[in-house]
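Working through the structure, step by step
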Amino acid sequence: MTSEATPDADQLAATQSSATIDEAAADRNESPEAIPPEVVAEDDAPSALTDPATVINESAESAILRGVDAADAVREAEAVALDATRRTGAEVDILTELQRDAITSAFIKLSDQFLGAQGFTEHGFRHANLVGRIAYNVLHHLGAEQDLCDLAAIGGYLHDVGNVVSRMNHGLSSAWIAYDALRRLEVDPYRIGLVLSAVGNHEEQYGSSIGPVGAAVILADKADVHRSRVRKDADTSIDIHDRVNDAVTHSFLRVDAQAATITLELELDTERSTVIEYFEIFLDRMIMCRRAARTLGCEFRITANGIPLG
Ligand SMILES: [Fe+2]
Ligand SMILES: [Fe+2]
């Protein structure tokens, strides 16, 4: 056998690769002439757009990289956390660790920026802290052991961090980011597992209330409907989510262990939105809250402007 009859690996790869291209072109019934020519820049073409380099270099992503400062997100996380502690009272050591963690803080900050760019309400440090602390308080008021209360706080704090990846299935991406953060903090695997389950199940599209930690995170997350979540530039006449959030001047999740009830108390400005609009967008969430409350041995109730809604 001559050397020409045994092509070396590179020659073989080149042969196979060109054969693949030819076959693909044949499948598309294209002659070589049908392959589109290279795109040629048309400098003299009229355009109503700003030039691409300006658009790209003035984008939010460019701004993020130019102003990047890992300590900046941590400072912001700690400042908001202090405020949340004052309002909710819940203090959890591991939350302090997470607030000092540059990766977690940067991802929460970016999650909020990315969701803002897509027109969603606030999902930053304010929401993370409140959900963490409300979840803590739900279990604390129901007499849960300290360990479970702490895990609910951690789950609540991390539940939306996956929005840094994508809004779609962010409960799942949040869980993997939470896994990495908690591994770095050397939290034991069983505690990590409970947090992952709570975080991964908080969205009504695919989540289930599996246990107390997850149930507390669900209730805390869905209770955070408030005008302070509406972005400054939002047009509430167009977006129903913005309108309903804007109409809520006060929301409070009241836990009554003796009566075995968890009540979401809302104060609604009915000039801005109506109770019907509230249920129009939040019905699935309220059903999820009812199931979560039952996981905790409680009934879920809602009041709007002091009137029980069910
Ligand atoms: Fe979420
Ligand atoms: Fe959330």
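Let me begin by describing the structure that accompanies this report. None of the values given here were measured: they were computed from a predicted structure.

**As for the overall build of the chain**
- Of the regular secondary structure elements, the chain holds 13 helices and 4 strands.
- Counting every position in the chain, which comprises 310 residues, the buried fraction comes to 37%.
- Considering only contacts in the chain between residues 6 or more positions apart, those separated by 24 or more positions represent 63%.

**Considering unusual backbone geometry**
- The residue Glu186 is not glycine, and still its phi comes out positive at about 60 degrees.
- You can see Glu186 is positioned in the loop between helix 9 (170-184) and helix 10 (189-200).
- The backbone of Ala260 sits at a positive phi, close to 55 degrees, despite the residue not being glycine.
- Note on placement: Ala260 falls in the loop between strand 1 (248-256) and strand 2 (261-268).

**Overview of the environment of Gln99**
- With respect to the secondary-structure elements, Gln99 resides in helix 5 (residues 93-99).
- Look at Gln99 and you get buried, because 24 C-beta atoms sit within 10 Å.
- Counting along the chain gives 24 residues from Gln99 to Arg75, while the straight-line C-alpha distance between them is 8.4 Å.
- Not counting the four nearest positions on each side in its chain, Gln99 is found in contact with Val74, Ala77, Glu78, Ala81 and Ser105.

**Considerations on helix 12 (residues 240-247)**
- Most of helix 12 sits out of view: 6 of its 8 residues are buried.
- For helix 12, every residue scored as buried is listed here: Asp242, Arg243, Val244, Asn245, Asp246 and Ala247.
- Contacts from the buried residues of helix 12 go to strand 1, strand 2 and helix 13 (275-295).

Cut-offs used in this document
- Residues numbered from 1 in each chain as written.
- Chains lettered and ligands numbered in written order.
- Predicted model: local features only at pLDDT ≥ 70, side-chain atom pairs only at ≥ 80, totals over all residues.
- Helix = DSSP H or I, 4+ residues; strand = E, 2+ residues; numbered from the N terminus.
- Buried ≥ 20, exposed ≤ 12 C-beta atoms within 10 Å, placed from the backbone.
- Contact = placed C-beta atoms within 7 Å.

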